[in-house]
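Remarks on the overall topology
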Amino acid sequence: MASLSIRNVRKVYPNGAEILKGINLEIEDGQFLILVGGSGCGKSTLLNMIAGLETVSDGSIFIGDRCVNDVPPKSRDIAMVFQSYALYPTMTVRENISFGLGIRKVPKDEQKKIVERVAETLQMTHLLDRKPALLSGGQRQRVAMGRAIARNPALFLFDEPLSNLDAKLRVEMRSEIKLMHQRLGTTIVYVTHDQVEAMTLGDKIAVMKDGVVQQFGSPQEIYDSPDNVFVAGFIGSPSMNFLPGKLIRSESGIAFTLEHEGVITLLPLPASFSDTLLASNMSERNVILGIRPEHVTDAVSARRSEVAGGYHPTEVACTVELTEPTGPDTLVFSWFNKSRATCRTHPRAAAMPGARMNLAFDLSKAVLFDPITEQRL
């Protein structure tokens, strides 16, 4: 096992395209790092640089205490699991797993013990004599993981390993990967564009956009306190609501002005929130209020529960545009001042397209952003 240190790493191609713009990340020994972002953000390029498949234009990459900028991939003590599995079709599962061990001249008896141990860990002992063509997508991905585990590397690299699987298999394989990490305790760097995978798997998440790390922290830190509008909108499903408005002084402190259907409603902020804004002289300014769907609910449900420890949110009337039943709850979509708002409500709430409905906003969980810089205030 080993720590991973990425220090001011840049990647510039000969045509002048700058893909990575000074990446700094520190990963402790045994941690599970998720690199997440949309297509073209640079996450796969960074993974390939860690693996040695891409050169570093500037900066340094350390695996443990060794700078690996000029170390060939085979000497970096890493194992990589690809999106396409990359299995040898003419070999059995046993032969695929032991292939790398044979290249490293591991004795046959030792190879057999390692393969059996890995197969037991991944619950695929019964598959050892099959060839890849006879395996399902999830089983093939398990073999690819087994081949990586057999090497006992200092660092595992995963490049969107679940993107080829159907929804049910993705959930199952997420659990497999998390269990594998708990059993082995090896440092893992995992690339994905799926924020659900990021939230469920990682100890640390690096959210990337345009070759820059927008935020680095634990899943809960990033979910609760996003640094900017991009991170807030990318992490979370459904994504955070963004409502433009203004902070003004009110009798109770500071309120947020929400415009809807030509009517301006004052949403008083909770006392602790309001006091902080007053102390920072943050009144009388335009803001974007970010609030997650689970903190917006139908007023009837809100009245039945103690919301935010006794804080009673203001109710706002709206017209339901669309509903999406999900089973345990229902997503209700409506519009506020040209911005769509999503609320998560009771599955049997009386919400029908075109109907009027009162929504309750729990502003104790809200986040404020600057409308120009889009950074959190």
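For the structure itself, look to the data block above.
Scope of this entry: the structure provided in the associated data block. (Residues numbered from 1 in each chain as written. Predicted model: local features only at pLDDT ≥ 70, side-chain atom pairs only at ≥ 80, totals over all residues. Heavy atoms only, no water.)

**Some remarks on the pairing of strand β6 (residues 78-81)**
Residues I78 and M80 of β6 are buried on one face, and the alternating residues A79 and V81, pointing to the opposite face, are buried as well. In this structure, β6 lies alongside strand β7 (residues 155-159), joined through 4 bridges in parallel fashion. Opposite I78, over in β7, you have L155 as the bridge partner. (Buried < 20%, exposed > 50% of the residue type's maximum accessible area, 1.4 Å probe, protein only. Helix = DSSP H or I, 4+ residues; strand = E, 2+ residues; numbered from the N terminus. Pairing = 2+ DSSP bridges.)

**A closer look at the pattern of salt bridges**
Per the stated rule, a full pass over the model turns up 13 salt bridges. Note that R10 and E18 form a salt bridge whose closest N and O atoms lie 3.0 Å from each other. We classify R10 as partly exposed; its relative accessible area is 27%. A salt bridge links D362 to K365; its shortest N-O distance comes to 3.6 Å. Judged by its relative accessible area of 38%, K365 is partly exposed. A single network of salt bridges, built from pairs that share partners, joins R170, D194 and E197. (Salt bridge = Lys/Arg side-chain N within 4 Å of Asp/Glu carboxyl O.)

**Some details on the environment of N15**
Mapping N15 onto the fold places it in the loop between β1 (4-12) and β2 (18-27). Take N15: its relative accessible area is 67%, and that puts it in the exposed class. The sequence separation of N15 and T373 amounts to 358 residues, and the corresponding C-alpha distance is 30 Å. Reaching out from N15, the side chain makes a polar contact with the backbone nitrogen of A17 at a distance of 2.9 Å. (Polar contact = N/O pair within 3.5 Å; in protein donor to acceptor, adjacent residues only side chain to side chain.)

**What to know about the side chain of Q141**
With respect to the helices and strands, the residue Q141 is situated in helix α4 (residues 137-150). Not counting chain neighbours up to four residues away, the residues in contact with Q141 comprise V81, F82, Q83, Y85, P161, L162 and M173. (Contact = heavy atoms within 4.5 Å.)

**Some words on the sheet that holds strand β15 (residues 296-298)**
In spatial order, the strands read β15-β20-β16; together these 3 strands make up an open sheet with antiparallel pairing. Two strands close off the open sheet at either side, each with one partner strand: β15 and β16 (315-319). Taken pair by pair, the neighbouring strands of this sheet meet at an average axis angle of 40 degrees, ignoring direction. Summarising the sheet, β16 and strand β20 (residues 356-361) pair through 5 bridges and their orientation is antiparallel. Each bridged residue has a counterpart across the sheet, and for E315 the counterpart in β20 is A360. (Axes fitted to C-alpha atoms, helices over the stretch in contact; angles between N-to-C directions.)

**Brief notes about the packing of aromatic side chains**
For the structure on display, the rule yields 6 aromatic pairs. With a centroid separation of 5.9 Å and an interplanar angle of 45 degrees, the aromatic rings of F32 and Y190 are classed as tilted. Taken together, the residues F32 in strand β3 (residues 32-37) and Y190 in strand β8 (residues 187-192) connect sequence positions 158 residues apart. Both residues of the pair, F32 and Y190, count as buried. Ring-pair connections join several aromatic residues into one group, and the members of that group are F32, F156, F158 and Y190. (Phe/Tyr/Trp six-rings, centres within 6.5 Å; stacked < 30°, edge-to-face > 60°.)

**Remarks on the sheet that holds strand β19 (residues 339-345)**
If you trace the 3 strands from one edge of the open sheet to the other, you get β17-β18-β19, paired in antiparallel fashion. At either end of the open sheet lies a strand with only one pairing partner, and these are β17 (322-325) and β19. On average, each strand axis in the sheet is inclined to that of its neighbour by 25 degrees, with strand direction left out of account. Two elements, β17 and strand β18 (residues 330-336), share 4 bridges in a ladder whose sense is antiparallel. Residue pairing in the sheet places T323 in a bridge with V332 of β18.

**Regarding helix α5 (residues 167-184)**
Over its 18 residues, α5 extends 26 Å from the first C-alpha to the last, a length consistent with the 26 Å expected when each residue adds 1.5 Å. Among all positions of α5, only L169, R170, M173, R174, E176, I177, M180 and H181 are buried. For α5, the angular spread of buried residues about the axis comes to 165 degrees, placing them on one side. Of the exposed residues in α5, those oriented more than 90 degrees away from the buried face are K168 and Q182. (Expected span 1.5 Å × (residues − 1). Arc of directions from axis to C-beta.)

**Notes on the nonpolar core**
The biggest cluster of nonpolar side chains holds 45 residues, and the ones touching the most others in it are I34, V36, I97, M145, F158, I177 and Y190. At 6 residues, the largest contribution of residues to this core is made by α4. (Core = buried A, V, L, I, M, F, W, Y, C linked by side-chain atoms within 4.5 Å.)

**Observations regarding the environment of L269**
Examined against the element boundaries, L269 turns out to sit in the loop between β13 (263-268) and α9 (271-279). Taking the C-alpha atoms as reference, L269 lies 9.7 Å from S250; in sequence the two are 19 residues apart.

**Digging into unusual backbone geometry**
Omega for the bond connecting S237 with P238 falls within 30 degrees of zero, at -5 degrees, which places this linkage in the cis form. Its location among the elements puts P238 in the loop between α8 (229-234) and β11 (241-250). Backbone geometry at K105 places phi at a positive 65 degrees, although glycine is not the residue there. On the secondary structure map, K105 appears in the loop between α2 (93-103) and α3 (108-121). For E374, which is not a glycine, the phi torsion comes out positive at approximately 65 degrees. Mapped onto the elements, E374 comes out in the segment after β21 (367-369).

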